[in-house]
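Descriptive analysis of the structure
Here's the letter readout for the chains.
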Amino acid sequence: MKRDIQECLLLSGTALIEKFAQTDHKAPNYRTSEALVFFVRRAIRHSDDREIEMLFDTFKARCFRAVAGKAKGFSEEDRLDILSAVLEKVTQHLFADGKAADYAESRFGDYIQRRVLTAITNFKRDQQKDALLDDFTEDSEEFAEAVRAKQGQARLSPEDLILMHDALNSLPPHFREAYILRHYAGWRVGDERKPEVAETELTLMEYYKIGRRAMHKRLAKAQELLDQYCRKDPA
């Protein structure tokens, strides 16, 4: 990496971009991605918008190779969505110029692998979430039963099953979605002790971009509204 930086240090613009055009790491004229990150950060610090744009086009190609290698079972459209999520997070890190950017510059392979795995996990969770909510909108009584089963409660009678489904349907959309994701899909809130296997899992706090207290308050309110609905006089 240091040699690549030194060789390109006095270059800029098209001459610099050409040095990083090769994306095959086995090619003799390949320049490391760590060095590319160095020059992206240099352009950001110098507020050189033209060079930032040119370097990011090259950077994007390298990120896409990482996505393609890890997302082989996805369609081209899905891979582009995953790539977009990766680039959004990487851009945030590089412009923030903090520890994450330092990590990308020193160990880009590990850094981008984590970003890709996180983006893939989040993409799958979004698909799962959409499928769950679609199931709910189809008025599936089995769905309401599954919610109760996830909470370890006894099997419902047909009447209670309908009541539970209607209660869920009565919730405001943002409460209903959070409740379904927590109690049916099993999403973690985000303040629990993090299991090793969940390093890249999206949590409710991350998904809604709110803090621990606000997330617990939302879930508690959803439960309160459900309980009120189930206790109300049917007459």
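Everything that follows concerns the structure shown earlier in this document.
Now for a description of the structure that goes with this document.

Rules of the game
Residues numbered from 1 in each chain as written. Predicted model: local features only at pLDDT ≥ 70, side-chain atom pairs only at ≥ 80, totals over all residues. Heavy atoms only, no water. Phe/Tyr/Trp six-rings, centres within 6.5 Å; stacked < 30°, edge-to-face > 60°. Helix = DSSP H or I, 4+ residues; strand = E, 2+ residues; numbered from the N terminus. Buried < 20%, exposed > 50% of the residue type's maximum accessible area, 1.4 Å probe, protein only. Expected span 1.5 Å × (residues − 1). Axes fitted to C-alpha atoms, helices over the stretch in contact; angles between N-to-C directions. Parallel < 35°, antiparallel > 145°, perpendicular 65-115°, else oblique. Left-handed = near helix turned anticlockwise from the far one by under 90°. Contact = heavy atoms within 4.5 Å. Nonpolar A, V, L, I, M, F, W, Y, C, P; charged D, E, K, R; others polar. Lys, Arg positive; Asp, Glu negative; His and termini not counted. Salt bridge = Lys/Arg side-chain N within 4 Å of Asp/Glu carboxyl O.

This next bit is on the packing of aromatic side chains. In total, this model carries nine aromatic pairs according to the counting rule given. Note on F74 and F123: the rings are 5.8 Å apart at their centroids and 75° apart in plane angle, and the pair reads as edge-to-face. A residue pair is termed long-range when its members are at least 10 positions apart, and F74 in the loop between helix 4 (49–70) and helix 5 (76–96) and F123 in helix 7 (residues 108–137) qualify at 49 residues. By relative accessible area, which is 16% here, F74 ends up buried. You can call F123 buried: its relative accessible area is 15%. Arranged with centres 4.7 Å apart and planes meeting at 75°, the rings of Y207 and Y208 form a pair that is edge-to-face. You can call Y207 partly exposed: its relative accessible area is 22%.

In this structure, S47 takes a positive phi of about 55° despite not being glycine. Along the polypeptide, S47 turns up in the loop between helix 3 (33–45) and helix 4. The phi dihedral of D97 is positive, around 60°, even though this residue is not glycine. Inspection of the secondary structure puts D97 in the loop between helix 5 and helix 6 (99–106). Under the relative-accessibility criterion, D97 is labelled partly exposed at 36%.

A separate point is helix 4. Between its first and last C-alpha, helix 4 extends 31 Å over 22 residues, near the 32 Å set by a 1.5 Å rise per residue. Residues E51, I52, M54, L55, F56, T58, F59, R62, C63, A66 and V67 constitute the buried set of helix 4.

Quick look at the packing of helix 4 against helix 5 now. At a closest axis distance of 10 Å, the pairing of helix 4 and helix 5 adopts a crossing angle of 130°. Relative to helix 5, the element helix 4 is oriented oblique. Classified by chirality, the crossing of helix 5 by helix 4 is right-handed. Contacts between helix 4 and helix 5 involve I52, F56, F59, K60, C63, F64, V67 and A68 from the former and E76, R79, L80, I82, L83, V86, L87, V90, T91, L94 and F95 from the latter. Looking at side-chain class alone, the contact of helix 4 with helix 5 contains 15 nonpolar, one polar and three charged residues.

Turning next to the side chain of E34. Examined against the element boundaries, E34 turns out to sit in helix 3. The side chain of E34 is buried and forms no salt bridge, while R62, the nearest opposite charge, is found at 6.8 Å. Look past the residues within four positions of E34 in its chain and what remains in contact with it is M1, A104, E105, S106, R107, F108 and G109.

Let us look at the pattern of salt bridges. Applying the stated criterion to the full structure yields eleven salt bridges. Close ionic contact of R31 with E7 constitutes a salt bridge, the shortest N to O distance being 3.3 Å. Here the residue R31 occupies a position in the loop between helix 2 (13–19) and helix 3, and E7 occupies one in helix 1 (residues 2–8), the gap between them amounting to 24 residues. By relative accessible area, R31 is classed as buried at 12%.

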